Amino acid sequence: MKMDILSVKDLEKHFGGVKAVDGCSISIEAGTVMGLIGPNGAGKTTMFNLISGFERGIGEIVFKGIRTDNLSPFKIARCGMVRTFQIPRALTKMTVSENLMLAPKTQLGERIWDVWLRPKRVREQEMQIREKSRDILEFFEISHLEDEYAGALSGGQKKLLEMARAMMIDPSMMLLDEPFAGVNPTLARKISRYICELHEDGMTFLVIEHDIPAITKISDRIVVMNEGKVMAEGEPAEIKRRRDVLEVYIGGEG
Amino acid sequence: MIEYVDMLLPYITTILLISSIYAIFSLGLNLEWGFTGLINFGHVAFLAIGAYTTVMFNMSGFSLFVSVIAGIVLSGFFGLLLGIPTLRLREDYLAIVTIGFSEVLRFILLNEQWLTRGPFGIHGFDRPLQDVIPYQYYNTFLLILYLMILVIVYFALERLIRSPWGRVLKSIREDEEVSSALGKNVFWYRLQSLMIGSAIAGLAGAMLAFYISYIDPNTFKPIETFHAWIIIILGGTASNKGTIVGALVFCTFLSVTQFTSRFLPFTAHQMGAFRMIVIGLLLIILMMHKPEGIFGKKEELALSD
Ligand SMILES: Nc1ncnc2c1ncn2[C@@H]1O[C@H](COP(=O)(O)OP(=O)(O)O)[C@@H](O)[C@H]1O
Ligand SMILES: [Mg+2]
C-alpha cells in the first residue's frame with residue numbers, strides 16, 4: 001500500500017517581485033528518497049524553508065496527516081521532520097557531543113523543576129542520550145571528534161555532524177539541502193552510503209542536489225524545479241532522458 | 001597594628017557585602033546575556049522592583065520572608081511582561097524596551113509619592129534578625145547570610161546551565177534557527193531565562209535594601225545596569241565563577257579608588273568620571289589580551305564571529 005508521508009499542494013512564495021516558489025505540488029511516499037534538483041535560484045531552498053516552517057507562504061502542506069503550513073518550525077520538527085541547512089549550521093561553540101545531545105525530543109532535563117528536583121532521573125536520561133549519540137557518531141564515523149568544539153571541524157565534517165544531529169531526534173523524514181556540495185569525492189561517497197543505509201531502515205528523504213549523477217544514484221524519484229515551478233517528475237532513468245531537463249541545466253550553468 | 005585591623009575589618013566586610021550583592025545581581029544578567037544571548041539594558045529595573053516590593057510588603061505588615069519572596073516573584077513577573085512582546089522579535093527590541101522600562105520605572109518611583117514616597121525614599125523597614133543580632137556585629141552577620149545566599153544561587157545556576165535546559169539556552173545563544181529546527185521552543189526558553197534572570201535581580205534588590213536600610217529612586221540609576229555588564233565582561237561572559245570574581249574585582253576597585261580620592265585633586269563628581277575612565281581603560285586592556293575575560297572560555301566567546 002502506498003502512503004504519502006508528505007504532500008504539498010499549490011505552494012507559493014514570493015519575495016517582492018521574485019516568484020521563488022510558484023505553485024508547486026509534490027508528494028512523497030513514506031520510506032522513499034526523493035531528489036529535488038534544479039538550477040541555481042530555482043526555488044529549492046525556499047521550498048525547504050516553506051516545508052520546515054522557516055518561511056510562510058500560500059498553499060497546503062500535510063505531513064503525516066497533519067496540516068503543518070501554519071505551524072512554527074519547532075512544532076514541525078517535533079512532528080518528526082528535520083532539516084539540514086545548505087551552509088552547514090553546526091553550533092560551533094558547543095562540542096560535537098553537545099550538538100548531538102541537544103537534539104532529542106522530550107528531555108526531562110529541559111524542564112527547570114526536574115533539573116532541581118529530580119536530578120537522578122535527569123542524569124540517567126543524559127546517560128542514555130549520550131549512549132545514543134555515541135552510536136550515531138559511530139554510524140557516521142566521526143566518533144573521534146566527540147569532544148571537539150564543532151567550530152574546529154572541517155566543512156565536510158560539519159555536514160556529517162548536522163546529519164548525525166538530525167538523526168538524534170528520531171525523525172520520520174529528513175530534508176537535506178545539498179549534502180554533497182563542497183565535499184570531497186570520498187566523503188560524498190560516504191554520505192550517499194549513509195543515506196542509502198538509513199533509507200533501507202525506512203527513513204524518508206527529500207534531498208536537494210545539484211549534481212545529477214550523484215542524486216540519480218540514490219533517489220527513488222526525482223522532482224525537477226525551474227523558476228519556481230515543478231517542470232518534471234519521475235524515476236531517475238526517465239528524468240535523465242528528458243531533453244528539456246538537460247537544457248535547463250546547461251542554460252543554468254552557462 | 002590592632003588599630004589598623006579594627007579599621008580594616010569593617011572596610012573589608014563592606015567591600016565583600018557590596019560585592020556579594022553585585023555578584024548576585026550580575027549572575028542574573030549573566031544567565032540572560034552570557035548563556036542566552038539576551039541583551040538587557042534595563043537590568044537595574046528588576047533590582048528596583050525587588051527592593052521596593054520587599055520593602056513595601058514589609059512596611060504593610062508582611063514578614064520579611066514573605067516580602068522577599070514577593071519581591072523575587074514580582075521581578076520575575078515583570079521579566080515575563082517585558083519578554084512576551086519582545087522576545088519573538090529581533091534581539092535589539094529587548095534592549096530598547098528594557099532600557100526604556102528602567103527609566104520609566106525610576107520616574108514612577110520618583111513621582112508616585114503616595115506609593116513610594118518619591119525622592120524621600122523609604123526607611124524604617126525591618127532587616128533580617130535585627131532584634132537578635134547585636135548592632136556591632138550586624139554587618140558581619142549580614143555578610144555571612146549573603147555569602148550563603150550567593151553560594152546557593154551559584155550552585156542552583158550551575159546545575160541549571162549544565163543541564164539539558166542550559167544546553168538549549170546555549171544553542172539559542174548561538175543560532176536560534178538551529179534550535180527551532182531541532183524542535184526547541186526558542187521563545188519559551190528565552191522567556192524563562194529572562195524571568196529567572198529578573199527574579200535573581202529582584203533578590204539582589206532585597207539584599208541591597210537590607211544592607212543600606214534605606215532606598216530611594218536614585219539608588220537605581222541606569223549606571224547600575226552597566227556596572228553589571230562590566231562585571232560579567234570582566235569576569236568572563238558565560239562564566240558564573242567569573243561573574244563572582246568580576247564583582248569582587250570591580251567593587252574592590254570602586255572602593256579603593258574612593259579611598260585614594262582623598263589624595264587626588266578631584267571633586268567627588270570628577271572622581272566619579274575619573275573612575276569610569278580608568279575602568280574603561282582597564283577593560284580595553286583586558287579585552288586586548290584576554291577577550292574572553294578572566295574566567296571565560298575562548299571557544300565560547302559570545303562576542304566572536
Ligand atoms: N529571503 C529572500 N529574499 C529575497 N529573495 C529570495 C530570498 N530567498 C530566496 N530568494 C530568491 O528566490 C529565488 C529562489 O532561491 P532559492 O530557493 O535559494 O533557490 P535554490 O535553492 O534553488 O538555488 C532566487 O531568485 C532567490 O534570489
Ligand atoms: Mg539552495
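This is a predicted model, so every value here is computed, not measured. (Residues numbered from 1 in each chain as written. Chains lettered and ligands numbered in written order. Predicted model: local features only at pLDDT ≥ 70, side-chain atom pairs only at ≥ 80, totals over all residues. Heavy atoms only, no water.)

Okay, the sheet that holds strand β3 (residues 33-37) of chain A next. Residue and element names in this part refer to chain A. Strand order in the open sheet formed by six strands is β6-β7-β8-β3-β9-β10, with mixed pairing between adjacent strands. Two strands close off the open sheet at either side, each with one partner strand: β6 (81-83) and β10 (229-234). Shown here is a sheet whose adjacent strand axes are inclined to one another by a mean of 15°, direction ignored. (Pairing = 2+ DSSP bridges. Helix = DSSP H or I, 4+ residues; strand = E, 2+ residues; numbered from the N terminus. Axes fitted to C-alpha atoms, helices over the stretch in contact; angles between N-to-C directions.)

Whenever strands of a sheet pair, they do so through backbone hydrogen bonds, lying parallel or antiparallel. All names here are of chain A. The antiparallel open sheet is built from four strands, whose spatial order is β2-β1-β4-β5. One side of each edge strand has no neighbouring strand; the edge strands of this open sheet are β2 (18-29) and β5 (66-67). Of the strand pairs in this sheet, strand β4 (residues 58-63) and β5 are connected by two bridges, and their pairing is antiparallel. From the neighbouring strand, F63 faces β5, where its bridge partner is I66. Taken strand by strand, helix α1 (residues 44-51) contacts β1 (4-15), β2 and β4, and its axis lies near 115° from that of β1. (Contact = heavy atoms within 4.5 Å.)

This part takes up the nonpolar core. Counting residues in hydrophobic clusters, the biggest one holds 131 residues, and the most contacted among them are F140 and F205 of chain A together with I24, Y146, W165 and F220 of chain B. Ranked by residue count, the leading element in this core is helix α9 (residues 186-212) of chain B, at 13 residues. Looking at which domains feed residues into this core, each of domain 1 (4-90 + 170-250) and domain 2 (92-152) of chain A gives three or more. Excluding residues within four positions of it along the chain, F140 of chain A makes contact with L160, M163, A164, M167, Y194 and L198 of chain A. With 26 residues, the next largest nonpolar core counts L11, I28, L50 and I61 of chain A among its residues. (Core = buried A, V, L, I, M, F, W, Y, C linked by side-chain atoms within 4.5 Å. Buried < 20%, exposed > 50% of the residue type's maximum accessible area, 1.4 Å probe, protein only. Domains from an automatic or database assignment.)

Ideal donor angles around a metal are set by the shape: a four-donor tetrahedron calls for 109.5 degrees, a six-donor octahedron for 90 or 180 degrees. All names here are of chain A. Bound to the magnesium ion (ligand 2) on the protein side are T45 (OG1) and Q86 (OE1), at distances that span 2.0 to 2.3 Å. Within this pair, whereas T45 is found in helix α1, its partner Q86 is found in the loop between β6 and α3 (96-102), the two being separated by 41 residues in sequence. Looking at T45, the relative accessible area reads 26%, which means it is partly exposed. Of the residues examined, Q86 reaches a relative accessible area of 33% and is grouped as partly exposed. (Donors = N, O, S within 2.8 Å, 3.2 Å for Na, K, Ca; no water.)

What is shown is where atoms sit, not what they do.
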